[in-house]
Amino acid sequence: VYPFDFVLTVTHRLEKNSLFVEWKVENPSDETLYFSIGGHPGFLCPVLPGTKQTDYFLSFPGHEKLTCKSVDVATGTIWNDRAFTLETPSGVVGVTEHTFDNDALVFDDNQVKTVGILYPDKTPYITLHCPDFPSLGVWSKPNNTAPFICLEPWTGRCDNSGFSGELPEKYGVQTLASRETFRRGYEIVIE
């Protein structure tokens, strides 16, 4: 029911211990195409026998702190005006029983180019490189009730809480003119 014509091609390429994912969006019409696109790759966590999710860490290389937003779970929108500082000393923060209480941790404004999950000894388990994505979500079910953590690169995302504008005004919306092509990709490294 999407009101625009488009062609979406998703390519996966495996090289050694890296998975490269590329999206190509084409606008075959004579009208402007407005869209958002994002990934939702999930990774087993805990992965080691005898461990629990709260034994693992999130890695944000090069960051001592990040501006983070959370989700208004009732509406599925972002509390844009309630941003908080996530302290990430040495680029690392532990997964706690409350990390995902408000759904995803949302990072906007091109803050995060690389994110990862670290084993309990803080060595790398999974690393996601997403240098061309303006937003990133880190998500799992609340209270560590799911055996996974998702690292989600986004170009565009859900609306800010209270947004009532038109599609071209949506946060992070992509604009693709007639006959143009959009490409974006990310890399998952299994350490």
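Look a little higher up for the structure.
Residues numbered from 1 in each chain as written. Predicted model: local features only at pLDDT ≥ 70, side-chain atom pairs only at ≥ 80, totals over all residues. Heavy atoms only, no water.

Remarks on the overall build of the chain
- Counting secondary structure elements, the chain contains 0 helices and 18 strands.
- Expected size for 191 residues packed as a compact globule is a radius of gyration near 16 Å; at 17 Å, the chain falls within 12% of this value.
- Seen along its three principal axes, the alpha-carbon backbone of the chain occupies a region of about 55 × 40 × 30 Å.
- In the chain, which comprises 191 residues, the proportion classed as buried is 43%.
- Only carbon and sulfur atoms are counted for the fraction: they give 52% of the accessible area of the chain, which is about 9,900 Å². (Helix = DSSP H or I, 4+ residues; strand = E, 2+ residues; numbered from the N terminus. Rg over C-alpha atoms; globule rule 2.2 N^0.38 Å. Buried < 20%, exposed > 50% of the residue type's maximum accessible area, 1.4 Å probe, protein only. Areas by Shrake-Rupley, 256 points an atom, 1.4 Å probe, with all protein chains shown as cover.)

Some words on the sheet that holds strand β18 (residues 181–190)
- In space, the 7 strands of this open sheet follow the order β1-β2-β18-β14-β13-β6-β11, with antiparallel pairing throughout. In this open sheet, the two strands that pair with only one neighbour each are β1 (7–15) and β11 (92–94). Between one strand axis and the next, the sheet turns through 15° on average, direction left out of account.
- As paired strands, strand β6 (residues 57–59) and strand β13 (residues 114–118) are joined by 3 bridges and run antiparallel to one another. Among the inter-strand pairings, Ser-59 is bridged to a residue of β13, identified as Gly-116. (Pairing = 2+ DSSP bridges. Axes fitted to C-alpha atoms, helices over the stretch in contact; angles between N-to-C directions.)

Re the pattern of salt bridges
- Per the counting criterion, the structure on display carries 8 salt bridges.
- For Glu-15, the salt bridge identified is with Arg-13, shortest N-O distance 2.6 Å.
- Taken together, the shared-partner salt bridges in this structure form one network comprising Lys-69, Asp-108 and Arg-157. (Salt bridge = Lys/Arg side-chain N within 4 Å of Asp/Glu carboxyl O.)

Remarks on the environment of Lys-122
- Counting through the fold element by element, Lys-122 comes out in the loop between β13 and β14 (124–129).
- Overall, the relative accessible area of 47% leaves Lys-122 in the partly exposed class.
- Between the C-alpha atom of Lys-122 and that of His-12, which follows or precedes it by 110 residues, the distance is 28 Å.
- The contacts of Lys-122, once residues within four sequence positions are left out, are Phe-57 and Val-92. (Contact = heavy atoms within 4.5 Å.)

Note that all results are geometric; they support no functional claim without further evidence.
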